[in-house]
Amino acid sequence: MTAATATSSVGRSLSIDWRRTLRVALLTGGVTIFLAAIGMVQAFNQRTLVEPIIKFGYLVVAAVPFTAGYLIARRLQVTGAETPRTVGDVVSAAIAGAIAGAMTGAFVAFVQAVPNIREIFPNLGPQLVETLTYSLGTGGGFVANLVLGMVLAVCGAAVHWLSRPIQRALVIGAEAVVIFALFETVIDDFFDWFKTLPNTIYANSGGLTILWAVILFTVAVGLSLYLPGRIPSVRKAVTSGDERDRRRKQIILIAVVSVALIIVPQLLGGVLNELLTNVGLFVLMGLGLNIVVGLAGLLDLGYVAFFAIGAYTTAVLTSPLSPFFNPELSWWLAFPVVLVMAIIAGIMVGTPVIRMRGDYLAIVTLGFGEIVRLTLLSDWLSPYFGGAQGIRNIPGIPVGEISVSGVTPELMVYAAIALVAVAVYVSWRVQDSRIGRAWAAMREDEDVAEAVGIDTVKAKLLAFVTGAVLASFAGALFAAKLGSVFTASFEILTSIIILVVVIVGGMGNIAGVAVGALVLIGVLGGPSSPGLLQEFGQFKLLIYGALLVFMMLKRPEGLIPSARRAQELHQEEFLQDAWLDKGDSLATSETEGKES
Amino acid sequence: MALLEIRGLNKAFGGVRALQDIDFTIEEGEIVSVIGPNGAGKTSFFNVISGLFPPDSGTITFEGHNLAGRTPSEITKAGIARTFQNVRLFPNLTVLENVKVGQHCRTQRGIFGAIFQTAAFKKEEREIEEKAKEILSFFGTRLVGYRFDQPAFVLSYANRRRLEIARAMATEPVLMLLDEPTAGMNPRETAELTELIGKLRSDKGFTVVMIEHDMRVVGEVSDRVMVLDHGVKIAEGSYEEVSSNEDVIEAYLGRPAEERKPAIEERNA
């Protein structure tokens, strides 16, 4: 590092790390321009968060220099030592913000001067200029961008002057406002029986009213300052205490979750229940893939094939329009056949690829996934499975007199919940069994697993088949829900998204998969279904990618990691250190201490 | 009938003949050491017996069945367990889980037992747990109590070696192949392990073949010693016989310079 950084630890030094400042500045300006060029600012600006002052697009634009300022002023935190804060940091943040703002301003001026650029970047039109100059004209816009960038970056840097609890409280306050504003539709839908609440806090034209934004912010800040240490965390409660105590608490937690799952769909409207069903489908597939990838360590990139087989089997057996073979069974009778088909498919795909490992396995399964889709689409199988037309008129799940299908989302969601419950139970039980241990061993070291007496061929096949069965559940549900199946629903992208759900949520962890599906499919939207934030629709894959990169860098074990994976990913460094220097002697002396 | 009888075992890796016409027998209850300089083929010998590599030719008869060409898991199931020279545990599994995994081939409840939590499944799980704890108590207090739930990677080197032996014991073998069990241990730990190897036979009734470099350990516990050099068995017999064998001394120390001369001239001719 330069001498500038070294001296900056001394009190109020004004030294500035120019290289770092410039780097952050260019990055900040670049990100802002990128967001504008892909049309995100425009699209997000259609959404008002706080009427009439905060629009979503502007919030995203503002967040960039703010974050930059925060990052620039961040120093290594050492417990016990006071972190040095210098005026220099704030000045460099201001400089970086100003440069970034100037870049944005210059970019806007450029767009204005070269109208033809619109032919290449359709988003760079007069509307964007209007948005990013804040209707102040070219010169005014430039100055506004520069000043805004500077002010926001300084604010970001100034965060470090606040004490930790206050920082956290402010973040929670801001989060509360943004969440309440973003999830307006959910809250509106949820309080259908108490319209006064949404009518009060939201303005007529959408977005929170200023008054309620302030109230929410204050309440959240107040709670976050008051509560910590007063409410024991759920996680702590569940993992503390002796075995029996823990078990009791876990049972209570499970009971609470199941009651909530039974009641919540009653309170939600059709759209949200539909969304919840989609989430359920991905939880099902995520749990299945979690067994294959998370537990057994077999990277299967063609997992959607099993989903397709489940859906097509259901379609052929139940739909009167199935072109070749149409027994028109009820869904209940078709379901066991789906199960058997999944087992057969699992064995068929599993057997040839079982000897492959790692990357090779991934590539081959990727191929298999596409083979299934393309064969269904081919001229050869079109007479049997309808080709591109797919199979239509699939009846719903008959329950007594009524038929549960996509038309009745408030009932369909229960079918999804029931199947997810089965999948959760299976995953949970299998994890801690003889076969679960065999998978874990195989994931750690396949050769040694084989050498200690595990028939790895059998164990791998079993993992494939279990995963296939869970995916076929999702397929059967999907067919009944949609009423038709097309090959387009089983593209490779779905395989990838299921994998992303598992990775982002937390590989090897049931709750992690559920949270991953809720966040990705529920909030951002699945491959073909919109999520809660419909503005995200066209940027879905971009955000998926960004999220994946971020997670890999900052939290590779996922949002809710399994204990084993977290330990594997983080204690490896610790282990090496312990191994290299004194860890060995420490461990030995520790044992000796125990013995004496 | 000998417990393990190997006849004319050959294994080559490309041009390297790792094992050449090895004959070897071991009776039940024996402890036999395999020694030899680095690269002599000792570990290859173990790898071929335990099925990691199939032999090119030769027979491996264990309790009357030919094992040549079987998979490692089948061989483990038949009753041959092994440890590895560079300890290969399942590092992220706990100590207890490592031993439980070892019992895989002796237990049978499948996925349906786990899903439906059948009485037989629960009973078997309980037995696996008890057995694992019992096996770990073989090593005194080193791997018990709070150690049960620690991941294997936090263990000290010596404890890893012990855990690997415990995992091998869990497969309920008749014959145990220990690949350098005392490598990297300090003298006190080595002495302790030497005693344990003796106990593997006297208390547990295992037959043991071990690769070992520490001659004190070899001399102390082995009934017999086999010496390999460049894939060829150059000597076999009691420790005393082998340690005074000229070929063995030559393999370890080399030939005096005067004697080497004719050999070199011979080659050049």
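Residues numbered from 1 in each chain as written. Chains lettered and ligands numbered in written order. Predicted model: local features only at pLDDT ≥ 70, side-chain atom pairs only at ≥ 80, totals over all residues.

**With respect to the overall build of chain A**
Within chain A one finds 27 helices and 5 strands. The buried share of chain A, taken over its 596 residues, is 42%. Pairs at least 24 residues apart make up 74% of the contacts formed inside chain A by residues separated by at least 6 positions. (Helix = DSSP H or I, 4+ residues; strand = E, 2+ residues; numbered from the N terminus. Buried ≥ 20, exposed ≤ 12 C-beta atoms within 10 Å, placed from the backbone. Contact = placed C-beta atoms within 7 Å.)

**A word on the sheet that holds strand S2 (residues 54-55) of chain A**
Residues and elements named next belong to chain A. Spatially, the 3 strands line up as an open sheet ordered S2-S1-S3, and their pairing is mixed. The sheet terminates laterally at S2 and strand S3 (208-209), the two strands that pair on one side only. By the bridge criterion, 2 bridges tie strand S1 (residues 48-51) to S2 in an arrangement that is antiparallel. Considered in S2, the bridge of Thr48 is made with Lys55. (Pairing = 2+ DSSP bridges.)

**Some thoughts on the pairing of strand S8 (residues 207-211) of chain B**
All names here are of chain B. With 5 of 5 residues buried, S8 lies mostly within the body of the structure. Covered by surrounding structure in S8 are Thr207, Val209 and Ile211 together with Val208 and Met210, the residues of both alternating faces. Of the strand pairs in this sheet, strand S3 (residues 31-35) and S8 are connected by 4 bridges, and their pairing is parallel. Note on S8: the bridge partner recorded for Ser33 is Met210. In terms of strand pairing, strand S7 (residues 175-179) meets S8 through 5 bridges, oriented parallel. Bridging across to S8, Leu175 finds its partner in Thr207.

**Focus on the confidence of the model for chain A**
All names here are of chain A. With 90% of its residues at a pLDDT of 70 or more, chain A has an overall mean of 87. Low pLDDT, under 50, characterises residues 1-11; the stretch is placed with 14 contacts to residues that sit more than four places away or in other chains. A low-confidence stretch, residues 581-596 stays under pLDDT 50, and its non-local contacts, those more than four residues away or across chains, total 11 contacts. (pLDDT = per-residue confidence, 0-100.)

**Considerations on the interface of chain B and chain A**
Contact residues are listed per partner, giving 35 residues for chain B and 32 residues for chain A. Of all the secondary structure elements, the ones that give two or more residues to the side of chain B that touches chain A are helix H2 (72-78), helix H3 (95-102), helix H4 (111-116) and helix H6 (157-170) of chain B.

**Section: the sheet that holds strand S4 (residues 57-62) of chain B**
Residue and element names in this part refer to chain B. Read across the open sheet, the 4 strands follow the order S2-S1-S4-S5; overall the sheet is antiparallel. Since the sheet does not close on itself, it has two edges, and those belong to strand S2 (16-26) and strand S5 (65-66), each with one partner. In this sheet, S5 lies alongside S4 in antiparallel orientation, the contact comprising 2 bridges. Following the sheet pairing, Phe62 is matched in S5 by His65. Sitting on the sheet, helix H1 (residues 42-49) is in contact with strand S1 (4-13), S2 and S4, with an inclination near 65° to S2. (Axes fitted to C-alpha atoms, helices over the stretch in contact; angles between N-to-C directions.)

**A few points about the packing of helix H19 (residues 409-431) of chain A against helix H22 (residues 456-482) of chain A**
Residues and elements named next belong to chain A. Direction vectors running N to C along H19 and H22 enclose 175°, while the axes themselves pass 11 Å from each other. It follows from the interaxial angle that H19 and H22 lie roughly antiparallel. Only Leu470, Phe473, Leu477 and Lys481 of H22 make contact with H19, whose side of the interface consists of Met412, Ala415, Ala416, Leu419 and Ala423. Classifying every residue of the contact of H19 with H22 by side-chain character gives 8 nonpolar, no polar and 1 charged. (Parallel < 35°, antiparallel > 145°, perpendicular 65-115°, else oblique. Nonpolar A, V, L, I, M, F, W, Y, C, P; charged D, E, K, R; others polar.)

**Quick look at the packing of helix H23 (residues 492-505) of chain A against helix H24 (residues 510-524) of chain A**
Residue and element names in this part refer to chain A. Interaxial distance between H23 and H24 falls to 7 Å at its minimum, and their mutual angle equals 120°. If you check the angle between H23 and H24, you find them oblique. Where H23 crosses over H24, the two elements pack in a sense that is right-handed. Along the contact surface, H23 presents Val500, Val501, Val502, Val504 and Gly505, while H24 presents Gly512, Val513, Val515, Gly516, Ala517, Val519, Leu520 and Ile521. Tallied by class, the residues present in the contact of H23 with H24 amount to 10 nonpolar, 3 polar and no charged. (Left-handed = near helix turned anticlockwise from the far one by under 90°.)

**Describing the environment of Lys100 of chain B**
Tracing the chain through its elements places Lys100 of chain B in helix H3. When the 25 C-beta atoms within 10 Å are taken as the criterion, Lys100 of chain B is described as buried. Along the sequence, Lys100 of chain B and Val208 of chain B sit 108 residues apart, while their C-alpha atoms lie 22 Å from each other. Leaving out residues up to four positions away in the same chain, Lys100 of chain B has contacts with Arg437 of chain A together with Ile128 and Ala132 of chain B.

**Things to note about the pairing of S2 of chain B**
Residues and elements named next belong to chain B. The sheet contact formed by S1 and S2 spans 7 bridges and is antiparallel. Within S2, the residue paired with Glu5 across the bridge is Thr25. Hairpin remark: S1 followed by S2, antiparallel, with 2 residues in the connecting loop; positive phi at Gly14, about 60°.

**Topic: the environment of Ala170 of chain B**
Residue and element names in this part refer to chain B. Within the secondary structure, Ala170 sits in helix H6. Among the residues examined, Ala170 registers 26 C-beta atoms within 10 Å and is labelled buried. Linking Ala170 and Gln103, residues 67 residues apart in sequence, is a C-alpha distance of 5.2 Å. With sequence-adjacent residues up to four places away left out, Ala170 is seen in contact with Val99, Gly102, Gln103, Ala132 and Ile135.

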